[in-house]
Amino acid sequence: MTAYIVRRLIQAIPLLLGIVTLVFVIVHAAPGDPTAMYVHPSVSPEVIEQMRENWGLDRPIHIQYLRWLRSFLTGDLGVSLTQNRPIVSILAERIPNTLILSGTSLVLIFAIGIAIGIVQAVRQHSTLDHTLTLSALFIYSMPSFWLGLMLILVFAHKAHLLDWWPAALTFPASGMTSVDYDLMSGWGKLGDRLHHLVLPSIALGVASAASVARYMRSSMLEVIRQDYIRTARAKGLPERTVILKHALKNALLPIITLLGLYLPFLFSGAVLVEYVFAWPGMGRTIVDAISQRDYPLVMATSFIFAVMVVIANLIADILYAVVDPRIRYE
Amino acid sequence: MASDIDRRASAERSAAGTTHGPLVLVEGLVKHFPIRTGLLGREAGRVHAVDGVSFEIQRGETLALVGESGCGKTTTGRLLLWLLEPTAGRVVFDGQDVSSFDRLGLRAFRRRAQIIFQDPFGSLNPRMTVGSVLREVLQVHGIARRGTAERQISELLDAVGLHADDASKYPHEFSGGQRQRIGIARALAVQPEFVVADEPVSALDVSVQAQVLNLLVDLQRRFSLTYLFITHDLSVVRQIADRVAVMYLGRVVELRDCEALFQGPLHPYTQALLSAVPDPEAGTDRQRIALSGEVASPANPPPGCPFHPRCPHPGKDETCSCVVPPLRALNGGAQAACHKI
Amino acid sequence: MRRALIGSMGVALLSAGCGEGGERAQVADVVPDSLRYGGTVVVAYMAEPSSMNQFASVDENARELQNFVLFTTLIQYDENLQPAPYLAERWDTAATIEGLALTFHLRDGVRWHDGAPTTAHDFKFTFDRIKDPRTGFPSASLLALYDSAVVRDSFTIIFYLKRHPGFLDPWRRISPVPEHILGDVPPARLQQHPFGTESPVGNGPFRFVEHRSGDRWVFEANPDFPESLGGRPYLDRLVYRVIEEPTTRLSELLAGEVDVYLSIEPPQQVSEIEANPAVQVVSLPTLRYTFINWNGRRPLFQDARVRRALTLAINREQIVQTVRNGLGVVAKGPVPPFHWAYHRELEPLPYNPDSARALLEAAGWVDRDGDGIRERDVYRASFELRTNPNPTREDIMTLVQADLRKVGFEVRLRVQEAQSLRRDITSRERPFDAFVLGWGTDFRLDDRILFACSQFDGPFQWASYCNPRVDELLDQVTRLEDRSQALPLWQEYQEILQWEQPYTFLYYDVRPNGLRTRLRDVQMDIRGALQNVKDWWVEPTARRFTP
Amino acid sequence: MNEASGRAEDRADGGRALTAAAFIPGLAHLRRGRRRAGLSLLGLALAMLAVLAFSFDRVASTFTAGRVDYWVAMLTLAGTLAAAWGVSLRAEWGRPRQRAEGTSQWAIAWREFNRNRVAVLGLFLMCGLYLATLLAPYLTSYEPNAIGDIAATRHLPPSLDHLMGTDKFGRDVFTRVLYGARISLSIGFVAVSISVTLGTVVGAVSGYFGGAVDTVLMRFVDMLISFPRLVLLITVIALFEPSIFTVIVVLGLTLWPATARIVRGEVLSLREREFVEAARALGLASPRIIFRHIVPNVLGPVIVAATLGLGNIILIEAGLSFLGLSVQPPTPSWGNIIDGGREYLVQAWWVSTFPGLAIVVTVVAFNLIGDGLRDALDPRLRI
Amino acid sequence: MSAPLLRVENLRTYFHTAEGVVRAVDGVSFTLGPGETLGIVGESGCGKTVACLSILRLIDPPGRIEPDSRISLRDRDLTAASEGEMRSVRGNEISMIFQEPMTSLNPVWTIGDQIAEALRTHRSARPAEARRRAAEMLRLVGIPNPEQRLDEYPHQFSGGMRQRAMIAMALACDPSVLIADEPTTALDVTIQAEILDLLARLQEQLGMGLIFVSHDLGIIAQIADRVIVMYAGQVVESGTADELFGRPRHPYSEGLLRATPRVGRRMRRLSVIPGSVASPKRWPPGCRFHPRCPYAWSRCREDVPPLPGEARASRCWLEEEPARRTGGWDELALAEDH
């Protein structure tokens, strides 16, 4: 297994290199460069030139690429041109934040999605099934940022203005922690973090949860048709065991594949949700970096995104092997 | 019924039939499939699907290729038609080595050798009507001249016992047996001399199976076809074959005239196989030769005689487990691969 | 009330709070000074201050934090925008052959947050780095007329410079950096030193606690801040948060999670805030104006009559009302109302489509083919109006398009990504027709880069405007130190620009800020929203986040 | 029975209702018990007539307005009416379909689809939407970009005059949503066409030939898929300036890998199917096998993916608008109407809410259709 | 014959689909005694599998066992039993093994777990006890190294082994009835022979009643004591194996026997049953076999023939008018030749 993981990671290298190269080309092909943010009446053209030189932007593009590649391969991600910080420290700050948000959403997506999917499959064609299907469809069809705004409007904005609104249903609209986070006790900190996670993770995850529920439902229905379910029933097992033991584990297989597919999707959605909820994550970093032409930061964040996706896929494959004994990696 | 197809088919036959000797000759045919592991595709092993098979098929005869699943009989059929390229060995068709064909040669070969498949559902394109399937074949090979295609199609359908109206229907509108007839019509459309029938009746119910078997026999007579009949069902073999080749783990273990084989099988495997086939007439009192164990995996064939781990032969010894027995000619045109015969 | 405020802005350079000032003053009196200490204030803004290192930052909000929170400057502007002592106790000047020797006498007892004293050496170091091109100090031109600095003793520094009006102005903006920390850093590495973002050490009323990028900067009161400069600030902590989404900012302010909402954007949120008794709106004049630049190299815009007609045809009052919710003043020219050189008597061009049409006819622009769009010679009155992605400016474009359509101009709109728009407009080829942008001026006005013939190919001469008289005026005003002499020249300059309209000056920006009312003694004005942050305090009963 | 007499009999049979059927579309279907078809035709015709009646002036002004979209609306109106009548009359007079014709998989899928009530509802919604889009100039008396007296008309709440209220410039939101549908739906349609075509070709080629071709293509697909889609879109669009064209091209060029994967997977399994082997045994050329024998069989999943993709693209477009990276104002798209109203969410909820609902309803419709198609085209349901 | 263990009377299982009612099993009756092997033979689509599943009430909607059907195990009416009671019957008193050992075992659980599961459900066995018993069962069905193989997954077993495991699973709770639905169809002949031997041996050893379903007349002839032939959802003929294969009375049984190629001898030409089975949505009126029957006359087209009695019977009007049995299959074969 270890050998397999190592091999997979090694195989991912050309993929990742391909991605960063592609990004490098796109970013450099686009008009504008990072000095543009210093185009300001108090900034003289000489200063701009000086900066270009400091940043190595005066070299031909292939030299820039090779230079970047060399330092990248030696583990030096460089310094952000706009934030003037080592990119490593920016990433060290942002990646956990993104992982917290995506991770929570992921748990939410799969927990809720799978549960609802099972209920729907078991009660196929019931009113409950139809209601859930339709509401899932509606939720799935909402733009995530729109949903986020609506959530803020209701659970943060109106909630504070309405006297009768229960305090338990009032949530912070932005940020990862309260301002007084540092002053809280251990449990208080955890509670505060969770409290701040509620709205963004719902905005980010609920659409995907709806879609997981749909997949889970059809996967479950598919599995329920299988011969071995009939075998299990013929053995006289209670329906609960049949569904939760025999059907569930099999039905989870295609869902695990989704896991790998959803992470890039989550990261994408996170870009918008991070804006709405002022979440200091990777999504905003990359968008800002792109708009400011912060080349090294764009490259590094793209790389990290791609790495996260590769790892997500790897995890999905490993999980797959855990659930499905037919799959063995050596 | 002396139709256009009959006439032309026989005319071409007489024109083409200049060479003598077997229509198909197979020599030392080997097909190994690499087993690739990981995403790098390193070759971890090889499946010995076909491991040195030689035989010949005479014009107008039916050679049955019999064996249990995984013995390589289907692969052998594909190799004969050059749908797969052999790892080693050669296929000689009507005196010409198939591997020497260029694109045009191969195209001509495709007109002379055809295949009928097992699966009546998977072998027809669900999105094409029967007519368009046949029309395509006729057009691609330039068999149909302008205006004659429709007539040829209805003749073909008629030949396999379908109605001319069926041309405008889609495969799913037919029963299993009828689809198998369509598959046969498609193979016959190019007026081949040689047909590989790959388990053509295995998926059919008994009553329909009989219809298709009879049809195959009739067509063979009418178009002077040569069959390689691949099947796992010995009872069907007895009904249709002239000669039988029994395969085990990628090798032919016995090759004989059909009646002789059924009368007195030589190879221990053939004996066991024959005894295992249930027969409604024999009742429960038949003596069965019980085999133990499972067929070895073709990815990991045992050394020596491939059958030796299961062989019930009392004289089984060291040689069996070390030396691969060659297919030897015995009396009366029989061939068998066993050290103990 | 808000309107009134804006209307009077030209006169009252400063404005703070709303009309409740009186009542608040009374409450304030009731709370004794000793009880004012404590509490955390959360400030929210739409963008992140890029760095606390002035060598690296160009953004205004970073500068405010540097000057008012983390560092102390040599001088401050007083309420009348006159230089007042701050870190420099006093200064004196002496004429030299080259120009001027400016001597600052620093206060003793101002310490860096790590305990080291702030001395003249730090200023010398800062000055040298600014003048070193390798540093790439973005605002190096501030000190373009300064030659050198000499430390006389630890608390006295002399600068040698060429005489020019407003020569003290840079020292309002430039804060010292600690030599003992950054002294060994090569100049080219200064911008990227962790000092700016991870471990800034200042000498101001607040000291750095934490920075989480994309989220917040946290500062706490500096207990050692000298009494002579106001002593320890009242607030315990100051948190500067970044919230991009407008609805979220509003919601956080109303929820009380945020105390100060800087630059209410979009301004339409103002009414929502005003409706809430727990919050109030403070509108500030700014150094910015918003304008449409006409590319004078295009045949369409070469004729001043056409440009004037375009201005007449654009309903600027409506733009201010609709787009800025009334928060703005219709502009007359490049000198903003707070400035002493502002031409008060000049009447802005009215909204008058009829005279616009007349002017266009006179200039030869007639709709000959009856398609509603004017033509002249081979040219069609059709152009592309651009801006960067910015909701306000996009809205302006939409209105301008509709207005100009009424006088027979076809406007194609294009929102261009900021970087590539900047590249286009600063390139020598000037590959654009017209665009909407904002321009930030300064207390020390120098419009030569915008309108001087000598700058015709410069990066900011977007109008490609050239008028020798304007050149003359601009040269003179930059030399004249006596304001009474300079004022008539400034006025003539504004009159000419109004007549020739190289830009259509749309409006002077007004910046609304939202405040929780529990926050007291907030004096926001044109010097900056945070200019008296060290005097802010929170009502003791309404403090949150207190340990 | 020869054909001529058969037709004569039919005509004699239909003779009685001839007059009624000629005037009331759908009657023929109703009489034959095809209630849904009949009612739809009737409803369609009535709706068209209602448009004609209520906005006769605008319809009439088509001849003077000199605008293309008026003519398109005119054609749509006339065409829809004519089609409704035509179908109805054909049902009345036309020869019944000959039984000898085979029923293709598509026909079966259609029948299957028709059985699925919600899917048909989705189809109705979608057709209604497209019709409304084409008829936009007749359905509203406002112009999408016309700005009048802003002070008097801005931010009016929904009323009979302004069904969805007005926005910050006093423009009618209903009108903008109608016209915005054109942009949003066209973006979806064109981008999906591009990505489906590209994806199908790449997937089919990759799957059929395998080997090095497959490896290279699939690595490229992996690369595009392993990159968060929105990030990719943002990167490209932000760098190359947002416009309808950029958005369409970029969406089209970035969404195909998913289709390519689906197609490849299908082709891999189809390639092993015996009918493909038969085609090879019959000596057919590779392009013919790919495009005649394989591709028609993967169209099912591709169509499903395309339908779901349409909904998805509308959502993506909205997301891009949120970042200011889509169609630029004043041209309305649903995304940028929401975006334009989102600053005023508190003061004028209707500006963002209605286009948001339009998106939800449309995406739901596409998803219903997609799900219906998935079920209808699922080969497992049939043999 | 002793008192029947299982009695099925007038079993009708219909599927109520949107396109109409599919009468998959339409009035099937039979009995099974202890230690007896009942063979059910018929071609695909004749309803034999549905009949078996109906006995365990494992029919999923839209399928339904129609009201007057009666299935009794000893004296318990299973059609009236609650779902809970049914569960205690399944895998405990009546077990079933299926055609595809490949798909009938859950791929993600170990063989041991799947065998032990039945024991833990029905016998409330503790894990260790259940495991021990599972190993015992594996040994019983002839799997070497049972303790070790308990922890393996189905994909690690070969086809024959899987079917053995299925049998072990089915027999774990000592059922009194075992229903084997085409248990050897997916296997090679040599393996099939082994499984058949195994089943026969186990039945003898355990004395259970065995219902053996197959389309292969040879297998049925080999294993069954009594045989019923099904066609189009109905039993068309019943009798002992010897009676049935020696002297078939129903034209369908007769045709089937004649159409089956024999390994024992080569026939000049196989007989053919013309046409194919009708759609279960629209069975032909009268005798359901009449469209394919060489003897059919007007009565067959109109009246439904009864199945008189159980032990030896044929659902055919020929039983009443034996004189009409002329020509038949031979003539048909001749006709087909030309």
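Residues numbered from 1 in each chain as written. Chains lettered and ligands numbered in written order. Predicted model: local features only at pLDDT ≥ 70, side-chain atom pairs only at ≥ 80, totals over all residues. Heavy atoms only, no water.

A. Fine view of the overall build of chain A. For chain A, the helix and strand inventory stands at 11 helices and 0 strands. Projected onto its principal axes, the C-alpha coordinates of chain A cover approximately 85 × 60 × 40 Å. When each of the 330 residues of chain A is scored for burial, the buried share is 60%. A sequence separation of at least 24 residues applies to 71% of the contacts in chain A between residues at least 6 apart. Accessible area of chain A: about 12700 Å², with a carbon and sulfur share of 68%. If the 25 positive side-chain charges of chain A are averaged to one point and the 21 negative ones to another, these points end up 12 Å apart. (Helix = DSSP H or I, 4+ residues; strand = E, 2+ residues; numbered from the N terminus. Buried < 20%, exposed > 50% of the residue type's maximum accessible area, 1.4 Å probe, protein only. Contact = heavy atoms within 4.5 Å. Areas by Shrake-Rupley, 256 points an atom, 1.4 Å probe, with all protein chains shown as cover. Lys, Arg positive; Asp, Glu negative; His and termini not counted. Charge placed at Lys NZ, Arg CZ, Asp CG, Glu CD.)

B. Representation of the state of the cysteines within the structure. Residues and elements named next belong to chain C. All told, the structure shown has 1 disulfide over all chains when counted by the stated rule. Each disulfide pairs two cysteine sulfurs, and for Cys 453 the partner residue is Cys 466, the sulfurs being separated by 2.0 Å. In this structure the cystine formed by Cys 453 and Cys 466 twists about its S-S bond by roughly 105 degrees; its chirality is therefore right-handed. Placement of the pair is Cys 453 in the loop between α14 (448-451) and α15 (468-477) and Cys 466 in the loop between α14 and α15, with a sequence separation of 13 residues. When its relative accessible area of 44% is taken as the criterion, Cys 466 is described as partly exposed. (Disulfide = S-S within 2.5 Å.)

C. Inspection of the interface of chain A and chain C at higher detail. Taken together, the 51 residues of chain A in the interface contact 55 residues of chain C. Summing both sides of the interface, chain A and chain C together bury roughly 4500 Å²; the carbon and sulfur share of this comes to 52%. For the pair chain A and chain C, the interface holds 2 salt bridges. The shortest N-O distance in the salt bridge between Arg284(A) and Glu244(C) comes to 2.7 Å. Elements with a minimum of two residues in the side of chain A that touches chain C: α2 (45-55), α4 (87-122), α6 (144-161), α9 (239-276) and α10 (282-291) of chain A. Among the elements that take part in the side of chain A that touches chain C, α6(A) stands out by supplying 6 residues, more than any other. Among the residues making up the side of chain A that touches chain C, the classes are represented as 25 nonpolar, 17 polar and 9 charged. (Buried area = accessible area lost by both parts, 1.4 Å probe. Salt bridge = Lys/Arg side-chain N within 4 Å of Asp/Glu carboxyl O. Nonpolar A, V, L, I, M, F, W, Y, C, P; charged D, E, K, R; others polar.)

D. Local environment of the environment of Lys73(B). For Lys73(B), the location among the structural elements is in helix α2 (residues 73-80). When the C-alpha atoms of Lys73(B) and Ala245(B) are compared, they prove to be 9.6 Å apart, with 172 residues separating the residues in sequence.

E. Spotlight on a negative patch on the surface. There is a patch of like negative charges on the surface, built from Glu46(A), Glu49(A), Glu53(A) and Asp58(A). Considering the arrangement of structural elements, one finds Asp58(A) in the loop between α2 and α3 (61-73). (Patch = residues over 30% accessible without salt bridge, like charges linked within 9 Å, V, L, I, M, F, W, Y side chains within 5 Å.)

F. Representation of empty space enclosed by the protein within the structure. Residues and elements named next belong to chain B. Applying the stated rule across the entire model yields 12 cavities of 30 Å³ or more. Put simply, the largest cavity is a space of about 80 Å³. The wall of the largest cavity is formed by 13 residues, among which Pro 268, Cys 305, Cys 311, Cys 320 and Cys 338 lie closest to the centre. A class-by-class count of the residues in the lining of the largest cavity yields 7 nonpolar, 4 polar and 2 charged. (1 Å grid on protein atoms, 1.4 Å probe; cavity = no way out; pocket = protein on both sides within 12 Å on 5 of 7 lines; lining within 4 Å. Points joined across faces, edges and corners; volume = space filled by probe spheres on them.)

G. Layout of the interface of chain D and chain B. Listed as interface residues are 25 residues of chain D and, on the opposing side, 31 residues of chain B. For the pair chain D and chain B, the summed buried surface comes to about 2600 Å²; carbon and sulfur atoms form 52% of the total. On inspection of chain D and its partner chain B, the count reaches 3 salt bridges. Run the count over chain D and chain B and you get 13 residue pairs in polar contact (both at pLDDT 80 or more). (Polar contact = N/O pair within 3.5 Å; in protein donor to acceptor, adjacent residues only side chain to side chain.)

H. Quick look at the pairing of strand β7 (residues 194-198) of chain B. All names here are of chain B. Within β7, 5 of the 5 residues are buried, leaving the element largely enclosed by the surrounding structure. Taking every second residue as pointing to the same face, both faces of β7 are buried, with Phe 194, Val 196 and Asp 198 on one and Val 195 and Ala 197 on the other. With 5 bridges joining them, β7 and strand β8 (residues 226-231) adopt parallel strand pairing. Considered in β8, the bridge of Ala 197 is made with Phe 229. (Pairing = 2+ DSSP bridges.)

I. The arrangement of the sheet that holds strand β7 (residues 94-97) of chain E in detail. Residues and elements named next belong to chain E. Judged by pairing direction, the sheet is mixed, and its 7 strands sit side by side in the order β7-β8-β9-β3-β10-β11-β12 without closing on themselves. Whereas interior strands pair on both sides, the edge strands pair on one side only; in this sheet they are β7 and β12 (313-314). With 5 bridges joining them, strand β8 (residues 177-181) and strand β9 (residues 209-214) adopt parallel strand pairing. Pairing of Asp 181 across the sheet is with Val 213, part of β9.

J. Just helix α16 (residues 483-500) of chain C, in detail. Residue and element names in this part refer to chain C. Taking 1.5 Å of rise per residue, 18 residues should cover 26 Å, and α16 covers 25 Å from first to last C-alpha, within 8% of that figure. For α16, the set of buried residues is Ala 486, Leu 489, Trp 490, Gln 491, Tyr 493, Gln 494, Ile 496, Leu 497, Gln 498 and Glu 500. One or two positions beyond α16, positive phi appears at Gln 501, with a value near 50 degrees. (Expected span 1.5 Å × (residues − 1).)

K. Geometry of the confidence of the model for chain D. All names here are of chain D. Here chain D shows a mean pLDDT of 80. Residues at 70 or above account for 89%. Between residues 1-15, whose pLDDT stays under 50, and residues either more than four places distant or in other chains, the model counts 9 contacts. Taken together, the chains of this predicted complex give a pTM of 0.81 and an interface ipTM of 0.78. (pLDDT = per-residue confidence, 0-100.)

L. Region of interest: the environment of Thr241(A). Turning to its location among the elements, Thr241(A) is positioned in helix α9. As for Thr241(A) and Thr2(A), which are separated by 239 residues in sequence, their C-alpha atoms are 34 Å apart. With sequence-adjacent residues up to four places away left out, Thr241(A) is seen in contact with His246(A) and Glu117(E).

M. Molecular detail of unusual backbone geometry. Here the amide bond leading from Glu265(C) into Pro266(C) is cis, since omega sits at 0 degrees, within 30 degrees of zero. Its place among the elements puts Pro266(C) in the loop between β11 (260-261) and α8 (269-274). Cis geometry marks the peptide bond from Pro61(E) to Pro62(E), where omega comes out at 5 degrees. Of note, the phi angle at Arg293(A) is positive, near 55 degrees, even though the residue is not glycine. Tracing the backbone shows Arg293(A) in the loop between α10 and α11 (295-323). A positive phi is found at Glu199(B), a non-glycine position, where the angle reads about 45 degrees. Assignment of secondary structure puts Glu199(B) in the loop between β7 and α7 (206-223). According to the relative accessible area criterion, Glu199(B) is buried, its value standing at 6%.

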